[in-house]
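Listed below, chain by chain, are the residues.
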Amino acid sequence: MEKIFLSTATSYFIALVLVPVSIKLFKAIDLLDDPNERKLHKEKTPSMGGIPIFIAVFIALPIWLPFAVLASGKYLLAACILIFLLGVRDDFDALRARHKLFAQLVIGAIVIYFADIRFMSLYGIMGIYDMPFWASALITMFTFVVITNSFNLIDGIDGLAGTVGILILGFLGFWFFQVGDQTISFLCFSMVGAMLAFLYFNWQPAKIFMGDTGSMFIGFTIAVLTVKFIDFNYSLPAASDLKYTSHIAMAVGLLSVPLFDTLRVFILRISKGQSPMVPDRNHLHHKLLDTGLSHRQATLILLSVNVAFTLAALILQPLGNMIAFTVILGAACVMNFVLFKIHQKSKTLARSTASREKDTKQIYLSKSA
């Protein structure tokens, strides 16, 4: 545990040094994210904050992780490097959605085929256990793409992607440490350390954004480790204290905010006859900001929601995957309905206030005349 702490501290301090240097460098070379009608920031802001996060992680890992252990995870680490480079390319010059998806599929195939990280069965869902390799690969690949891009989509307000990412990776890192997987545990905590340092500069008002460089790297890593968590957990002995009965529901609860936000937005877009990939302002964080909350308040609310769903998944463990997942999904629907009502009420109140101000102004002008 001591070396994990040192790895976390190392990545934290490296990122703490590199992030402000990156901010100055990106400003000097005009590598900035321009504001527009859809984006929430008002000034040009350095992006690509994922670069110092990535560098910090990949300096800390070889310092504290024995080479033999590091080598055992070479395919996973290689995939992390490739997805990072994809994010860099996308931030420099935005890729078409289909090109980005194709690259994600290729990188995911490396993890599935060479690292052999995939769903080995359906774990009794609908009574199905064993499945052929092609079915395993397809389901795993779908999971990689969904989680990677769902995390990318929540990176819309200051601090949100960082705080949610720290929660997820902290949980996974602690669990993998307990089951004895050093490579993954070190990777998780090294990322947590770097993201904590980054969050200092990304908290409202953000001095730098994570960009696709960071969100894609973090999201893909979380996606792969989630699949690893589900499969590894299932293989543990039934008597193990570390085994979750409802392991799939546990993963869904842990990733609740990015998953349910993405599902909600895609349903809304499709229902309007739009492509699910067309960006808009229908994300949960947008709706919270529309009620008058600040970035900081919206981030803390969504982080609290994610924590609540994680705790609920823990409490619901004895019920089994299907029941626990159904309860979690039902709670997500209720949460979405409540948010919708709050959002509608705030819009009505805003219109009413604007109308009163307009009437007052007209009366004042009338008296002045």
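For the structure itself, look to the data block above.
What counts, and at which threshold
Residues numbered from 1 in each chain as written. Predicted model: local features only at pLDDT ≥ 70, side-chain atom pairs only at ≥ 80, totals over all residues. Heavy atoms only, no water. Helix = DSSP H or I, 4+ residues; strand = E, 2+ residues; numbered from the N terminus. Rg over C-alpha atoms; globule rule 2.2 N^0.38 Å. Buried < 20%, exposed > 50% of the residue type's maximum accessible area, 1.4 Å probe, protein only. Areas by Shrake-Rupley, 256 points an atom, 1.4 Å probe, with all protein chains shown as cover. Lys, Arg positive; Asp, Glu negative; His and termini not counted. Charge placed at Lys NZ, Arg CZ, Asp CG, Glu CD. Axes fitted to C-alpha atoms, helices over the stretch in contact; angles between N-to-C directions. Parallel < 35°, antiparallel > 145°, perpendicular 65-115°, else oblique. Contact = heavy atoms within 4.5 Å. Expected span 1.5 Å × (residues − 1). Core = buried A, V, L, I, M, F, W, Y, C linked by side-chain atoms within 4.5 Å. Salt bridge = Lys/Arg side-chain N within 4 Å of Asp/Glu carboxyl O. Left-handed = near helix turned anticlockwise from the far one by under 90°. Nonpolar A, V, L, I, M, F, W, Y, C, P; charged D, E, K, R; others polar. Phe/Tyr/Trp six-rings, centres within 6.5 Å; stacked < 30°, edge-to-face > 60°. Disulfide = S-S within 2.5 Å. Patch = residues over 30% accessible without salt bridge, like charges linked within 9 Å, V, L, I, M, F, W, Y side chains within 5 Å.

Trainee: Even after reading the chapter, I still don't get the overall build of the protein, so can you show me in this structure?
Mentor: The helix and strand inventory of the protein stands at 14 helices and two strands. For 369 residues, the compact-globule estimate of 2.2 N^0.38 gives 21 Å, and the C-alpha radius of gyration of the protein, at 22 Å, lies within 12% of that figure. If one aligns the C-alpha atoms of the protein with their principal axes, the spans along those axes are about 85 × 50 × 40 Å. Put simply, the protein has 369 residues, and 50% of those count as buried. Looking at the protein as shown, the accessible area adds up to about 18000 Å², and 67% of this sits on carbon and sulfur atoms. Each charge class in the protein was averaged separately, 30 positive and 22 negative side chains, and the resulting centres sit 8 Å apart.

Trainee: Is there a simple way to explain the packing of helix α10 (residues 247-254) against helix α11 (residues 256-271) in this structure?
Mentor: A pair of packed helices can be characterised by two numbers: the angle between their axes and the separation between those axes. With their axes 5 Å apart at the nearest point, α10 and α11 run at an angle of 80° to one another. Here α11 runs roughly perpendicular to α10, going by the angle between their axes. Only S256, L259 and F260 of α11 make contact with α10, whose side of the interface consists of V252, G253 and L254.

Trainee: Sorry if this is basic, but what is going on with α11 here?
Mentor: Because the α-helix completes a turn every 3.6 residues, residues three or four places apart line up on one side. The terminal C-alpha atoms of α11, which comprises 16 residues, lie 22 Å apart, in line with the 22 Å expected from a rise of 1.5 Å per residue. All of the buried residues along α11 are S256, V257, P258, F260, D261, T262, R264, V265 and R269. G273 lies just past α11 and shows a positive phi near 75°.

Trainee: Just checking my understanding: could you explain the environment of Q104 for this structure?
Mentor: Relative to the helices and strands, Q104 is located in helix α5 (residues 97-113). Taking the relative accessible area as the measure of exposure, Q104 reaches 4% and is therefore buried. A sequence separation of 61 residues divides Q104 from G165, and the C-alpha atoms of the two residues are 19 Å apart. Residues in contact with Q104, not counting those within four places in the same chain, are I83, L86, V145, T148, N149 and M216.

Trainee: Would you mind showing me how to read the nonpolar core here?
Mentor: Soluble globular proteins tend to bury their nonpolar side chains together. Ranked by internal contacts, the top residues of the largest apolar core, which has 103 residues, are L169, L172, F217, I218 and F229. For this core, the element with the most residues is helix α8 (residues 182-202), which contributes 13 residues. Dropping the residues within four chain positions of it, F217 is found in contact with I53, F54, F58, C80, I83, F84, M191 and D212.

Trainee: What am I meant to see in the side chain of S256 here?
Mentor: Of note, S256 is situated in helix α11. Not counting residues up to four positions away in its chain, the partners in contact with S256 are D261, V305, N306 and F309.

Trainee: Could you clarify how one ought to interpret α5 in this entry?
Mentor: Over its 17 residues, α5 extends 24 Å from the first C-alpha to the last, a length consistent with the 24 Å expected when each residue adds 1.5 Å. On its buried face, α5 sits against α4 (74-92), α6 (133-153) and α9 (211-235).

Trainee: Teacher, can you tell me more about the pattern of salt bridges here?
Mentor: Pairing between side chains of opposite charge can happen when the charged atoms of each approach one another. Under the defined criterion, the tally for this structure stands at four salt bridges. Between D93 and R89 there is a salt bridge; the shortest N-O distance is 4.0 Å. Classification of R89 by relative accessible area gives partly exposed; the value is 40%. Between K100 and D90 there is a salt bridge; the shortest N-O distance is 2.8 Å.

Trainee: How do you make sense of the packing of helix α7 (residues 160-179) against helix α13 (residues 295-315) when you look at a structure like this?
Mentor: Packing of α7 against α13 brings their axes to within 9 Å, and their N-to-C directions diverge by 20°. One element, α7, and the other, α13, form an angle in the roughly parallel class. Between α7 and α13 lies a crossing of right-handed hand. Mapping the contact onto sequence places L160, T163, V164 and L167 in α7 and T299, L302, L303, N306, V307 and T310 in α13. Class assignment of the residues belonging to the contact of α7 with α13 gives a composition of six nonpolar, four polar and no charged.

Trainee: Would you mind showing me how to read the packing of aromatic side chains here?
Mentor: What characterises a pair of aromatic rings is the spacing of the ring centres plus the angle enclosed by the ring planes. Tallying each qualifying case throughout the model produces 17 aromatic pairs. Clustering of aromatic rings is evident, with ring pairs tying together F171, W175, F176, F229, F232 and Y244.

Trainee: Would you mind going over the state of the cysteines with me for this structure?
Mentor: Note on terminology: a disulfide is the covalent bond linking the sulfur atoms of two cysteines. Following the criterion strictly, the structure yields zero disulfides and no others. Unpaired in terms of disulfides, C80 finds its nearest cysteine sulfur in C188, a separation of 9.8 Å. On the basis of relative accessibility, which here comes to 0%, the residue C188 falls in the buried class.

Trainee: Looking at this structure, how should I read the environment of L339?
Mentor: Looking at where L339 falls in the secondary structure, it is placed in helix α14 (residues 321-368). Put simply, L339 and D33 are 306 residues apart on the chain and 29 Å apart in space, counted from C-alpha to C-alpha. Other than its neighbours up to four places away in sequence, L339 contacts L284, K287 and L288.

Trainee: Explanation requested: a nonpolar patch on the surface in the structure shown.
Mentor: Taken together, the side chains of Y75, Y113, F114 and F133 present a nonpolar region at the surface, about 460 Å² in accessible area. Examined against the element boundaries, Y113 turns out to sit in helix α5.

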